[in-house]
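This is what each chain is made of:
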Amino acid sequence: MGKAGGGNMGKGGNGNVARGVNRPAPGRQVTLKGGGTANIRPNGQIRSINRNGMHIDHGLNGSRRIESTHNGARIVTTGRNSGYVQRAYVTRGGRTYVSRTVIVNHVTYTSVYRSYSYGGYCCYYGYHPAFYYGPAYYGWAYNPWPAPVYYGWGWGGAPWYGYYGGYFAPYPTYPSAAFWLTDYLIAANLQAAYAAQAAANAAAANNAANNAGDNAGSQPEANSGGDAPAASSGTVTLTPEVKAAIAEEVKAQLAAEQSAAKPAPAGGQQPSPTSEEVPPALDPARRTFVVASDLTVTGDGQECQLTAGDVITRITDTPDDDRKVTASVSASKKTDCAPGKQVAVAVDDLQEMHNHFQEQLDNGMKDLASKQGTSGLPKAPDTTPTASDVPPPPPDTTAEKTLQDQQANADQVEAQVVKEAFSQGS
């Protein structure tokens, strides 16, 4: 994906750039009487809380992410009705896999992730497909179609499309499935961004109402009020060049999955359980990342927000001491980090972007398989899926309650922290 990077990338980028960008944002650290710490922004908003094994992050736009570990399970809450519970799963051929039960607005599905140990850190987690298609279908999706195809998506009346119409416009025609999949992926992320901001606004309004009596004058809430984003997204900023970079990433992933779908040669060597391997997020061939969820980042001590559908380009290859690398914002929406701004991004967050990209591409290939030969789309070769070597497990039936319990616990912790951190008006 060297084309996406441009000439400022070079080869073998190092962590020194990230260390320059990765200066702490201004604010103050509060030691809590009940144990733990809280980090407060200069405007009085809570940035993060660490208490009793729970870590809570507040985005600039009112979003909240909660993470903790209980009985070996990693619990990550990304909204009132979303998150995942991750548990150890299986070991195959010297590789360790974990399972995730994901909840999105009360809808449950499972997925499998492979563990990567790299740079003395364990673990990064990479998405492992539940199924593959035949190599011919990937080739059909990768290569040009006989003639460009017009396709009507039917988004005209959708609220998210009206809101982001100034940021994203689909291709007028599609020379290959890779470009169709590019618009599919971007649209899926923008729908998620719209829903996430609406949820963050509602949560912020709810928190403000709950805290109004006991905590007058305490931390302000970002974007409080309203059920949906309140401002227009501005002019078109997702340029043809950026979309082309995403399309190249789609092609690269299609080629990778086509290769993975082919049977392994007899007697092939599997890596040993102790070997380190560069996670896909740090692959020098991969530079372009589509942001998958709300993420607050820092560049030269200044915070800004990234939301789903923004696009960043990784500049450095080697993580700094905080396991962060430098990325440049390639495209963003009106209230997000400005295009061209360099920010420090955690490798874990980049890896999750890549994972989400893979997962959405699988969903897009499945959707395309059901629509090929209709609505102007050319007919595809064999689209029958084959289960991968590590199929996903049944859903964790306790996952939704686990996430709800963590959400309630975080609400209680935050109420205590607000009273304690602001009790003397400091």
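Scoring rules and cut-offs
- Residues numbered from 1 in each chain as written.
- Predicted model: local features only at pLDDT ≥ 70, side-chain atom pairs only at ≥ 80, totals over all residues.
- Heavy atoms only, no water.
- Disulfide = S-S within 2.5 Å.
- Buried < 20%, exposed > 50% of the residue type's maximum accessible area, 1.4 Å probe, protein only.
- Phe/Tyr/Trp six-rings, centres within 6.5 Å; stacked < 30°, edge-to-face > 60°.
- Lys NZ or Arg CZ within 6 Å of the ring centre and 35° of its normal.
- Helix = DSSP H or I, 4+ residues; strand = E, 2+ residues; numbered from the N terminus.
- Contact = heavy atoms within 4.5 Å.
- Pairing = 2+ DSSP bridges.
- Axes fitted to C-alpha atoms, helices over the stretch in contact; angles between N-to-C directions.

## Some points on the state of the cysteines
1) Next: Under the counting rule described, the total for this entry stands at two disulfides.
2) Next: A disulfide bridge connects cysteine 122 with cysteine 123, and the sulfur atoms are separated by 1.7 Å.
3) Next: Look at cysteine 122 and you get exposed, because its relative accessible area is 52%.
4) Next: Across a sulfur-sulfur distance of 2.0 Å, cysteine 304 and cysteine 337 are joined as a disulfide pair.

## Here's the deal with the packing of aromatic side chains
1) Next: All told, the structure shown has 21 aromatic pairs when counted by the stated rule.
2) Next: Pairing tyrosine 171 with phenylalanine 179 gives two aromatic rings, centres 5.5 Å apart and planes at 85°, and the pair type is edge-to-face.
3) Next: In this structure, lysine 333 is placed above the aromatic ring of tyrosine 167, and the distance from its NZ or CZ to the ring centre is 5.3 Å.

## So, the environment of threonine 108
1) Next: The residue threonine 108 is located in strand S9 (residues 107-118) in this model.
2) Next: Spatially, the C-alpha atom of threonine 108 lies 9.3 Å from that of tyrosine 84, the residues being 24 residues apart in sequence.
3) Next: Residues within four places of threonine 108 in sequence aside, it is in contact with Thr101, Val102, Ile103 and Pro395.

## Things to note about the sheet that holds strand S6 (residues 73-79)
Hydrogen bonds between backbone atoms are what pair the strands of a sheet, whose relative direction is either parallel or antiparallel.
1) Next: Spatially, S1-S2-S3-S4-S5-S6-S7-S8-S9-S10 is the arrangement adopted by the 10 strands of the open sheet, whose pairing is antiparallel. Where the open sheet ends on each side, the last strands, each with one partner, are strand S1 (28-31) and strand S10 (121-128). Taken pair by pair, the neighbouring strands of this sheet meet at an average axis angle of 20°, ignoring direction.
2) Next: Relative to S6, strand S5 (residues 64-70) is paired through five bridges, and the arrangement is antiparallel. Following the sheet pairing, glutamate 67 is matched in S6 by valine 76.
3) Next: Each of strand S8 (95-104), S9 and S10 is contacted by helix H7 (residues 347-371), which is oriented at about 15° to S10, the strand it contacts most.

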